[in-house]
Amino acid sequence: MCSVCSVCSVVNTLSNPQSAIHNRSRMAKSKPRTALITGITGQDGSYLAELLLSKGYTVYGMIRRSSTFNIDRIEHLYQDPHVADYRLRLVYGNLTDGSRITQLLAEIQPDEIYNLGAQSHVQVSFEQPEYTGDVDAVGVTRLLESVRALGLKSRIYQACSSEMFGNAPSPQGENTPLMPRSPYAAAKAYAFWMCKSYREAYGLFIANGILFNHESPRRGPTFVTRKITRAVARIAAGKQKALYLGNLEASRDWGYAPDYVEGMWQMLQAKKPDDFVLATGESHSVQEICELAFARAKLDWRKHVKHDKRYLRPAEVDHLCGDASKARKQLGWKPRVKFEELVNIMVDADIQAVGEGRDDFRSEERWFK
């Protein structure tokens, strides 16, 4: 049986915690915890699935039905559904379909819900603002309302974004005013406030995770970090001549995705639900990424990076730098991978992929650079 058919059959069958994170009696060791992850095929979803499976969870991943099967990031986690104790199960669903969300939650009865599903590209949100709002904003309301209506005791993690802060003064923390400057950021801000509303009105356990930029070799190739490191590998191999970028001065707080999904899990182990910023506390520009990435391959970035005004956003966020002191104090969370190491990890992975012939230069990148 091919791997895709194997996963289709799954679909059809439906660090130690710190003092602030205590053992929940309802999660007895005799009964494995169950988690539902929306967006499981994305960067964060794949790392989170790995983490939860390593902790003994049964994991349900909600994926959208489409003519192609995008499971590259979780292919290595595949488990044969014919085995008695398989713990990774994929189910079809969509944040735009409230009735399906309700049906899945009623069937699965998850202990924990990680809502990572979203239209997550800021530039695309300017081109598809209505769809972005339907998924990233109203989709969260559908999920929360289903949990409330069913009377579930599930603990919910909502993936928010540092983009909500816009150009608010840095460092940005949990009490920094939200000043969204894109449809994506506005949708995430709506979701953030809906989660707080449902938490206060109905007593639901909902944690808002305000995560600053977090990257990895699994990052989508249209996101700037991966676009840079992938171009470096291709240029070094003679497969590409130039890299076209927009605003090189935009500065972000960049971290390593596996560190951040551990923080997601820690938020749902806390005694009380709350909002937490996860960040490194350092901010670096897109140009700095270019400098480090090209230097890793012994190349001069100035000879290859070109400006293309098509990549300039209608409204730019100039500088983001997070204050994660609350997460450090209450959860014991802290990032382990520093900025330069992160860039090196990504460049090395892309160079290896190109060398092994795994550099699939897909049509989306060629048409929508």
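Residues numbered from 1 in each chain as written. Predicted model: local features only at pLDDT ≥ 70, side-chain atom pairs only at ≥ 80, totals over all residues. Heavy atoms only, no water.

Chemist: Help me understand helix α7 (residues 224-236), please; the structure alone is not making it clear to me.
Modeler: An α-helical turn contains 3.6 residues, so any two residues separated by three or four positions project in the same direction. Between the first and last C-alpha of α7 there are 18 Å, a value that for 13 residues agrees with the 18 Å anticipated at 1.5 Å per step. For α7, the tally of buried residues reaches eleven of 13 residues, placing the bulk of the element in the interior. Among all positions of α7, only Thr225, Arg226, Lys227, Ile228, Thr229, Arg230, Ala231, Val232, Ala233, Arg234 and Ile235 are buried. Looking one or two residues past α7, Gly238 carries a phi angle of roughly 75 degrees, positive in sign. (Helix = DSSP H or I, 4+ residues; strand = E, 2+ residues; numbered from the N terminus. Expected span 1.5 Å × (residues − 1). Buried < 20%, exposed > 50% of the residue type's maximum accessible area, 1.4 Å probe, protein only.)

Chemist: Help me out: how do you make sense of the confidence of the model for the protein in this one?
Modeler: When pLDDT is low, close inspection of the predicted coordinates is not appropriate. Across the protein, the average pLDDT comes to 90, with 89% of residues at 70 or higher. When the criterion is pLDDT under 50, residues 1-28 qualifies, and its contacts beyond four places in sequence or with other chains add up to 62 contacts. (pLDDT = per-residue confidence, 0-100. Contact = heavy atoms within 4.5 Å.)

Chemist: Where do I start with the packing of aromatic side chains in this structure?
Modeler: Describing an aromatic ring pair means giving the distance of the ring centres and the angle of the ring planes. Summed over the entire model, instances satisfying the criterion amount to five aromatic pairs. Consider the rings of Tyr114 and Tyr157, whose centres lie 6.2 Å apart with planes at 40 degrees: the pair is tilted. With Tyr114 in strand β4 (residues 112-115) and Tyr157 in strand β5 (residues 155-161), this pair connects stretches of sequence that are 43 residues apart. Of the two residues examined, Tyr114 and Tyr157, each falls in the buried class. One cation-aromatic arrangement involves Arg219 over Phe223; the distance from NZ or CZ to the ring centre is 4.2 Å. The ring centre of Phe276 lies 5.1 Å from the NZ or CZ of Lys326, which sits over that ring. (Phe/Tyr/Trp six-rings, centres within 6.5 Å; stacked < 30°, edge-to-face > 60°. Lys NZ or Arg CZ within 6 Å of the ring centre and 35° of its normal.)

Chemist: What is the right way to read the environment of Glu127 from this model?
Modeler: For Glu127, the position within the fold is in helix α4 (residues 122-127). As a C-alpha pair, Glu127 and Pro183 span 56 residues in sequence and 9.2 Å in three-dimensional space.

Chemist: Even after reading the chapter, I still don't get unusual backbone geometry, so can you show me in this structure?
Modeler: Glycine aside, the phi torsion of most residues is negative, and most peptide linkages are trans. A cis amide bond, omega 0 degrees, links Ser170 with the succeeding residue Pro171. Summarising the element assignment, Pro171 is placed in the loop between β5 and α6 (183-202). Even without glycine at this site, Gln109 takes up a positive phi of about 50 degrees. If you trace the backbone, Gln109 turns up in the loop between α3 (98-108) and β4. Phi at Lys298 takes a positive value of approximately 60 degrees, unusual for a residue other than glycine. You can see Lys298 is positioned in the loop between α9 (286-296) and β13 (305-307).

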